[in-house]
Amino acid sequence: MRNWLGPLAFGLIVAAITSYTAIRAIPYGLMNVAIERLGQGGINQMSYGNLANPERQPVVRPSPDLAYSSCPYNLSDGPVAIDVVPVPGRYSSLSIFDAATDVIFVRNDVEAGGKPFRIVVARAGQAVPKGAEVVRTNQDHGIALIRILLKDPTEIQAIDAVRRQSSCGTVTKLK
């Protein structure tokens, strides 16, 4: 029986280290996949996705009654500003996710009073415009996601012009 204790202990230690490593690495891998799938418009640029359907699902289980706009961001060239223009009469929200898939900021149209707003995402130590509302993160990469609730999928045509007023970009390239 004693001959099994050493290999058993070694196996348990290897399993624990492997589990810990996988749990720490998986969120970053998932975010890289999401950035690749949602970043069709480019990094630090807003993409205005088509409505989800069974043939088009860039992320797991997108809602068919939401219009998604996404901005995969990279802070290595400086902070990124995200400008959100809510669609009148529709629930909308901005969620910002860091590289570990953690939500670092959320605001909806009600909290914004139905008015446009700007959020600057920056790493610690990066200079930001004076008076800007800043969200600090410890990672260079992530995704900003705007969701707009539709009453009916056909109304995407009517709201698309307003939806496309939301944007993102490196602060040095923006006003």
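Residues numbered from 1 in each chain as written. Predicted model: local features only at pLDDT ≥ 70, side-chain atom pairs only at ≥ 80, totals over all residues. Heavy atoms only, no water.

**Concerning empty space enclosed by the protein**
- With the rule as written, the count across this model stands at one cavity of 30 Å³ or more.
- Estimated volume of the largest cavity: approximately 30 Å³.
- Val84, Pro86, Ser92, Ser93, Leu94, Arg107, Asn108, Asp109 and Phe117 together form the lining of the largest cavity.
- Mapped by element, the contributors of at least two residues to the lining of the largest cavity are β4 (92-98) and β5 (103-108).
- Counting residues per element, the lining of the largest cavity draws most heavily on β4, which supplies three residues. (1 Å grid on protein atoms, 1.4 Å probe; cavity = no way out; pocket = protein on both sides within 12 Å on 5 of 7 lines; lining within 4 Å. Points joined across faces, edges and corners; volume = space filled by probe spheres on them. Helix = DSSP H or I, 4+ residues; strand = E, 2+ residues; numbered from the N terminus.)

**Remarks on the state of the cysteines**
- In this structure the tally under the stated criterion is one disulfide.
- Here Cys71 connects covalently by a disulfide to Cys168, the sulfurs 2.0 Å from one another. Between Cys71 and Cys168, the S-S dihedral sits near 95 degrees, and the bridge is therefore right-handed. One end of the pair, Cys71, is in strand β2 (residues 66-74); the other, Cys168, is in strand β9 (residues 167-170), with 97 residues separating them in the sequence. As far as burial versus exposure is concerned, Cys71 and Cys168 are alike and both buried. (Disulfide = S-S within 2.5 Å. Buried < 20%, exposed > 50% of the residue type's maximum accessible area, 1.4 Å probe, protein only.)

**Observations regarding the side chain of Arg90**
- Turning to its location among the elements, Arg90 is positioned in the loop between β3 (80-84) and β4.
- Within polar-contact distance, the side chain of Arg90 engages the side chain of Glu155 at 2.5 Å.
- Excluding anything up to four places from it in sequence, Arg90 contacts Asp109, Ile148, Leu149, Lys151 and Glu155. (Polar contact = N/O pair within 3.5 Å; in protein donor to acceptor, adjacent residues only side chain to side chain. Contact = heavy atoms within 4.5 Å.)

**Side note on the packing of aromatic side chains**
- If you walk through the whole model with that rule in mind, you get zero aromatic pairs.
- Directly above the ring of Phe117 sits Arg107, whose terminal nitrogen or CZ lies 5.0 Å from the centroid. (Phe/Tyr/Trp six-rings, centres within 6.5 Å; stacked < 30°, edge-to-face > 60°. Lys NZ or Arg CZ within 6 Å of the ring centre and 35° of its normal.)

**Observations concerning the sheet that holds β5**
- Reading across from one edge, β1-β2-β8-β4-β5 is the order of the five strands in this open sheet, with antiparallel pairing throughout. In this open sheet, the two edge strands, each paired with only one partner strand, are β1 (47-48) and β5.
- Pairing of β4 with β5 involves five bridges; the strand directions are antiparallel. The residue bridging Leu94 from the neighbouring strand is Arg107, located in β5. (Pairing = 2+ DSSP bridges.)

**Considerations on helix α2 (residues 156-163)**
- Those residues of α2 that fall on the buried side of the exposure criterion are Ile156, Ile159, Asp160 and Arg163. The arc that holds the buried residues of α2, viewed along the axis, is 125 degrees, so those residues lie on one side. The outward face of α2, more than 90 degrees from its buried face, is lined by the exposed residues Gln157, Ala158 and Ala161.
- Taken together, the buried residues of α2 touch β1, β2 and β8 (141-149). (Arc of directions from axis to C-beta.)

**Structural notes on the environment of Phe97**
- Residue position: Phe97 is located in strand β4.
- The exposure class assigned to Phe97 is buried, which follows from its relative accessible area of 17%.

**Quick notes on the side chain of Asp83**
- Within the element layout of this structure, Asp83 appears in strand β3.
- Residue classification places Asp83 among the buried residues on the basis of a relative accessible area of 18%.
- Reaching out from Asp83, the side chain makes a polar contact with the side chain of Arg118 at a distance of 2.7 Å.
- If sequence neighbours within four positions are ignored, Asp83 has contacts with Phe117, Arg118, Ser166 and Ser167.

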